[in-house]
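Architecture at a glance
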Amino acid sequence: MRNGKELLSVIIPCYNEAVGIQATIDTITKVLTEGGLQYELIFVSDGSRDETFSIIAAAARKDPRIKGVSFCRNFGKEAAMLAGLQYAQGDCAVVIDSDLQHPPECILEMYRLYQQGYDIVEGVKEERQKEGLLHRAFANVFYAIFDSALGMDVKNASDFKLISRRVIDVLRKMPERERFFRGLTFWTGFKMTTVTYTVQPRYAGVTKWSFTKLVKYAVQNIISFSTIPLYFITWIGVFMLVLGVFFAIRALRLYFTGLAAGGITTVVVLILISSGLILIALSIIGRYIASIYNEIKARPQYLVDQTVGIEEEVARQASQAAF
Ligand code: UDP
Ligand code: MG
């Protein structure tokens with residue numbers, strides 16, 4: 001039974017966040033201390049090229065509850081979150097952004113629900129931030145595919161969530177390299193609930209996502225998570241076949257009624273459409289093959305350059321786990 005004494009690991013991925021990281025350290029520390037929680041903060045600097053890690057290291061030397069991990073280059077937020085889970089010693093863990101866009105007060109509410117027996121407490125965004133038209137249209141397609149693949153509402157889901165030790169262990173042991181944290185926790189099927197929060201404006205610095213990076217992220221996540229796009233191809237193929245039969249009948253009718261000729265436009269249109277569809281289908285299959293290629297190579301998912309405030313044995317095991 002949970003008794004309120006369980007250790008909470010807070011995992012904070014950060015990439016070039018030097019301008020705001022001190023405020024984040026102070027705010028989270030204050031909230032958790034006032035909430036009376038037993039906790040550790042694990043900052044994972046994802047190959048930051050600014051002062052992010054030295055600020056974390058300085059804080060870690062003053063407070064034993066603060067720990068830092070630094071990658072030797074940028075491996076991406078998914079890798080940073082995974083590393084955090086490998087280093088976490090807690091009975092449960094929360095992943096939270098380092099720019100205070102996820103309100104730290106919500107952690108207390110998440111922990112309270114965890115105490116009631118939930119294994120996953122999902123942070124659900126109340127309002128989406130103002131985003132461009134293109135961005136929104138693209139996001140909607142991405143979410144539609146995910147919703148049908150998983151029966152899961154990913155639209156307002158985020159990486160801000162609490163997971164219990166058994167979920168942490170499942171995620172740590174999964175060998176897959178292309179990960180989608182948001183979907184994987186849901187996939188485990190453990191008892192889940194939600195906490196609603198309002199996305200705050202970034203405290204400092206700028207977003208680390210560009211539109212192309214986002215498109216890449218979305219495509220990779222869909223490919224790594226589901227085979228739905230392959231079914232799409234089948235349905236498009238069926239559609240093309242029906243269309244083909246229709247035009248074949250029409251062409252034959254024209255031929256037998258002696259009105260053949262003049263069908264060039266139809267032919268050109270059909271060739272253009274079908275070759276376009278074939279190329280799309282090939283590229284989708286190609287993405288899957290690339291994905292298999294990445295998994296087969298089995299390269300480590302991150303490489304740690306240095307750590308601070310972490311016991312040697314824990315550090316050794318966690319860096320081994322990246323392989
Ligand atoms: N982040 C990271 N590695 C990256 C990109 C981002 O660890 O390659 C971290 C970043 O420091 C932040 C969180 O992931 O704590 C979310 O990133 P950001 O705020 O740039 O994304 P947004 O909130 O705009 O979606
Ligand atoms: Mg942010």
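Further up the page is the structure itself.
Counting from 1, residues in each chain are numbered in the order their sequence is written. Note on labels: chains are lettered from A, ligands numbered from 1, in written order. Owing to the predicted nature of the model, reporting of local features is limited to residues with pLDDT of at least 70; listing and counting of side-chain atom pairs is limited to 80 or more, with chain, interface and lining totals taken over all residues. Note that water and hydrogens are dropped before the side-chain values are worked out from all heavy atoms of the structure.

**What to know about helix H1 (residues 18-34)**
The α-helix winds at 3.6 residues per turn, so residues separated by three or four positions along the chain end up facing the same way. Our working definition: A run of H or I in DSSP becomes a helix once it reaches four residues, and a run of E becomes a strand once it reaches two; helices and strands are each numbered from the N terminus. Multiplying one less than the number of residues by 1.5 Å gives the expected span of a helix. Type-normalised accessible area, obtained with a 1.4 Å probe on protein chains alone, sets the label of each residue: buried when under 20%, exposed when over 50%, and partly exposed for intermediate values. In what follows, a contact means two residues having at least one pair of non-hydrogen atoms within 4.5 Å.
Its 17 residues place the ends of H1 25 Å apart at the C-alpha level, agreeing with the 24 Å of an ideal helix rising 1.5 Å per residue. Buried residues of H1: Ala 18, Gly 20, Ile 21, Ala 23, Thr 24, Ile 25, Ile 28, Thr 29, Val 31 and Leu 32, and no others. Among the structural elements, strand S1 (8-14), strand S2 (39-45), helix H2 (52-62), strand S3 (66-71) and helix H4 (105-115) are those in contact with the buried residues of H1. One or two positions beyond H1, positive phi appears at Gly 36, with a value near 70°.

**Points about the coordination of the magnesium ion (ligand 2)**
Put simply, the ideal angle at a metal is 109.5 degrees for four donors in tetrahedral geometry and 90 or 180 degrees for six donors in octahedral geometry. Keep this limit in mind: Shown as donors are all N, O and S atoms within 2.8 Å of a metal ion, widened to 3.2 Å for Na, K and Ca; because water is not in the atom set, sites may appear incomplete.
For the magnesium ion (ligand 2), the full set of protein donor atoms is Asp 99 (OD) and Gln 101 (OE1), and the range of their distances to it is 1.9 Å. The pair formed by Asp 99 and Gln 101 is uniform in burial state, with each residue classed as buried.

**Side note on the layout of surface pockets**
Formally: Cavity: a set of points on a 1 Å grid over the protein atoms alone where a 1.4 Å probe fits but cannot get out. Pocket: an open set with protein on both sides within 12 Å along at least five of seven lines, its lining residues, like those of a cavity, having an atom within 4 Å of a point. Grid points are joined across faces, edges and corners, and a volume is the space filled by probe spheres set on the points. Each residue is assigned to one class: nonpolar for Ala, Val, Leu, Ile, Met, Phe, Trp, Tyr, Cys and Pro, charged for Asp, Glu, Lys and Arg, and polar for all the others, Gly among them.
The computed volume of the second largest pocket comes to approximately 420 Å³. Lining the second largest pocket are 21 residues, and of these Ile 145, Pro 229, Phe 232, Ile 280 and Ile 284 sit closest to its centre. Counting only elements with at least two residues in the lining of the second largest pocket, the list comes to helix H5 (133-150), helix H8 (211-225), helix H9 (228-256) and helix H10 (264-297). The element contributing the most residues to the lining of the second largest pocket is H10, with seven residues. Here the lining of the second largest pocket is composed, by residue class, of 18 nonpolar, two polar and one charged.

**Some details on empty space enclosed by the protein**
In this approach the atoms are scanned with a rolling probe the size of a water molecule, which exposes any empty space left behind. Taken as a whole and assessed by the stated rule, the structure comprises one cavity of 30 Å³ or more. The calculated volume of the largest cavity comes to roughly 50 Å³. As for the largest cavity, its lining consists of Glu 78, Met 81, Leu 82, Leu 85, Leu 171, Arg 179, Phe 181 and Leu 184. Those elements that provide at least two residues to the lining of the largest cavity are helix H3 (77-87) and helix H7 (181-188). Ranked by the residues each element gives to the lining of the largest cavity, the list is headed by H3, at four residues. Per-class residue counts for the lining of the largest cavity are six nonpolar, no polar and two charged.

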